[in-house]
Amino acid sequence: MINTRLMTIDDIEQVLDVENNSFALPWSENAFRKEMKENDLALYVVIEENGRVVGYAGLWVIGHEGHITNVAVHPQFRKKGYGDLLIDRLLCEGEKKGINAYTLEVRVSNRPAQKLYEKYGFKSVGIRPKYYEDNKEDAMIMWK
């Protein structure tokens, strides 16, 4: 069974498994705890398969704008449409908060993610040179 829902502090351990298997410079447990406990702007959703968190997405609500911070699906669960479900749920939750514009950064080499965002109406508006610390790759700035 597949389920999307708002993330809770109890999800952090499983979210860390997704994070550590998805990113070269993963966020720490402490970073996620701070987001959940101290950042009033933060909104996170998870996707579960049979009760296991296999992906998550995050958003900062800044006025009527949303800054998508992270989107990740565990490598073992990719190519099942879970990224779509996460983005859809995140945008629905954002709408409830009155968001009418969204932005994000994505690696210029990450064409699958770019295609996913384009599917939801995001468009490239520029480049942040050497944005990613691990390899100094540029980031594409996208807005919806």
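Residues numbered from 1 in each chain as written. Predicted model: local features only at pLDDT ≥ 70, side-chain atom pairs only at ≥ 80, totals over all residues. Heavy atoms only, no water.

Below, the discussion takes up the pattern of salt bridges. Under the definition given, this model contains twelve salt bridges. Arginine 5 serves as the salt-bridge partner of aspartate 11, at 2.7 Å between the closest nitrogen and oxygen. Taking the relative accessible area as the measure of exposure, aspartate 11 reaches 4% and is therefore buried. Since its relative accessible area comes to 22%, arginine 5 is described here as partly exposed. Put simply, arginine 111 and glutamate 118 hold a salt bridge, and the shortest N to O gap is 3.1 Å. Overall, the relative accessible area of 36% leaves glutamate 118 in the partly exposed class. Here the salt bridges share partners, and the residues they tie into one network are Arg5, Asp11 and Glu48. (Salt bridge = Lys/Arg side-chain N within 4 Å of Asp/Glu carboxyl O. Buried < 20%, exposed > 50% of the residue type's maximum accessible area, 1.4 Å probe, protein only.)

Right, let's get into the side chain of asparagine 70. One can find asparagine 70 in strand β4 (residues 65–73). By relative accessible area, which is 6% here, asparagine 70 ends up buried. Side chain to side chain, asparagine 70 and tyrosine 56 meet in a polar contact 3.1 Å long. Among residues more than four places away in sequence, those in contact with asparagine 70 are Glu19, Trp27, Tyr44, Tyr56, Ala57 and Gly58. (Helix = DSSP H or I, 4+ residues; strand = E, 2+ residues; numbered from the N terminus. Polar contact = N/O pair within 3.5 Å; in protein donor to acceptor, adjacent residues only side chain to side chain. Contact = heavy atoms within 4.5 Å.)

Structural measurements only, silent on function.
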